[in-house]
Amino acid sequence: MAGTALAPGKVRVKTSPMRGHRSRIALVNAVPVTLFLLLLFVYPIIGVLSLSLKGDSGGFTLHWYTDALSGSNLSVLVSTLRISAETAVLSLLVGFVLAHAIARMRPVFAALAMLIVVVPHFISALVRTYGWIIMLGEHGLINTLATSLHAPGAPYDLLYNETGVVIGTTSVMLPYTVLVLQGVMRGVDRRLLAAAAGFGASRPTVFFRIYLPLVAPGIGTAGLLSFILCLGYYITPALMGGSKQTVVAALIDQQVMKQDQWNSAAAFGVILLLLTFAGLGVLGLARLRRKKTAARGGGGSS
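The sections below set out a description of the structure shown in this document.

The rules we used
- Residues numbered from 1 in each chain as written.
- Predicted model: local features only at pLDDT ≥ 70, side-chain atom pairs only at ≥ 80, totals over all residues.
- Heavy atoms only, no water.
- Axes fitted to C-alpha atoms, helices over the stretch in contact; angles between N-to-C directions.
- Helix = DSSP H or I, 4+ residues; strand = E, 2+ residues; numbered from the N terminus.
- Parallel < 35°, antiparallel > 145°, perpendicular 65-115°, else oblique.
- Contact = heavy atoms within 4.5 Å.
- Nonpolar A, V, L, I, M, F, W, Y, C, P; charged D, E, K, R; others polar.
- Salt bridge = Lys/Arg side-chain N within 4 Å of Asp/Glu carboxyl O.
- Buried < 20%, exposed > 50% of the residue type's maximum accessible area, 1.4 Å probe, protein only.

Quick word on the packing of helix 3 (residues 71–103) against helix 11 (residues 248–257)
Inference 1: At a minimum axis distance of 9 Å, the contact between helix 3 and helix 11 shows a crossing angle of 140 degrees. Accordingly, the angle class assigned to the pair helix 3 and helix 11 is oblique. The segment helix 3 lies against helix 11, with Asn73, Val76, Leu77 and Thr80 engaging Val248, Leu251 and Gln255.
Inference 2: A per-class count over the contact of helix 3 with helix 11 returns four nonpolar, three polar and no charged.

Concerning the pattern of salt bridges
Inference 1: Inspection of every chain in the model, using the stated rule, returns two salt bridges.
Inference 2: We note a salt bridge from Arg82 to Glu162, for which the minimum N-O separation is 2.9 Å. Here Glu162 lies in helix 7 (residues 162–186) and Arg82 lies in helix 3, a separation of 80 residues in the sequence.
Inference 3: Overall, the relative accessible area of 38% leaves Arg82 in the partly exposed class.
Inference 4: Judged by its relative accessible area of 17%, Glu162 falls in the buried class.
Inference 5: We note a salt bridge from Arg191 to Asp189, for which the minimum N-O separation is 3.0 Å.
Inference 6: Taking the relative accessible area as the measure of exposure, Arg191 reaches 64% and is therefore exposed.
Inference 7: By relative accessible area, Asp189 is classed as partly exposed at 30%.

Here it is as structure tokens:
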């Protein structure tokens, strides 16, 4: 008995044969899924990457990336980044107000409000875009109202420029923003806000010192989601921007369909993919930093 005694503080863990059998079955079931993802996602990405690095003679070259990051192509890329950032900010401003109002409603009215926000998203993007074109046109609803009210500068130039593109893309990204923010705001413990108010904190103090930090992760996620989705969005910028306001997605379409420049289009695709990965990396680092800060705070309080 003495030879089989365990050292103090150690516990003998018995491994079940059934557990190992289940692990092997799970591994076998994961093989088709893994092959499916490799075939439909990884292989095309590798193909696009190799195409962007292939010269006219078939050798290795960085010419397509140099061309994408210079001249008019660079201005298109910068314009796309600017439009995506403006869309993300505008979506956050409007979405925050909507999500905050919905989060304070009763469940029945909140569900109805979310239905109103989300249902237009199920309509074809092409139909919604043409609806915006009709509304924002020179003789559309907005300009007609502005002219009848004798607004300064009316009628306004709201189409085929950056303003029209941002309005259209914001309407597309807004449901995503509201969904993310509303979920985060629903999870905020209202008792914390009531306790702060009970201790004499003013409404701005409660909002900026307690409520805003609690929903900050949702704000970052929603803003980054809108920015990333807008980077490669094509339909609305192509229709509402016209030839004067080209974005990267429209430029890729021109290079493939009209100029037969697959290598240059592939380089732009890789650049957009890297920008997406960079955005996801920033979000991941922010979450990791927040977890470390929370862990240090918990350790200090104990």
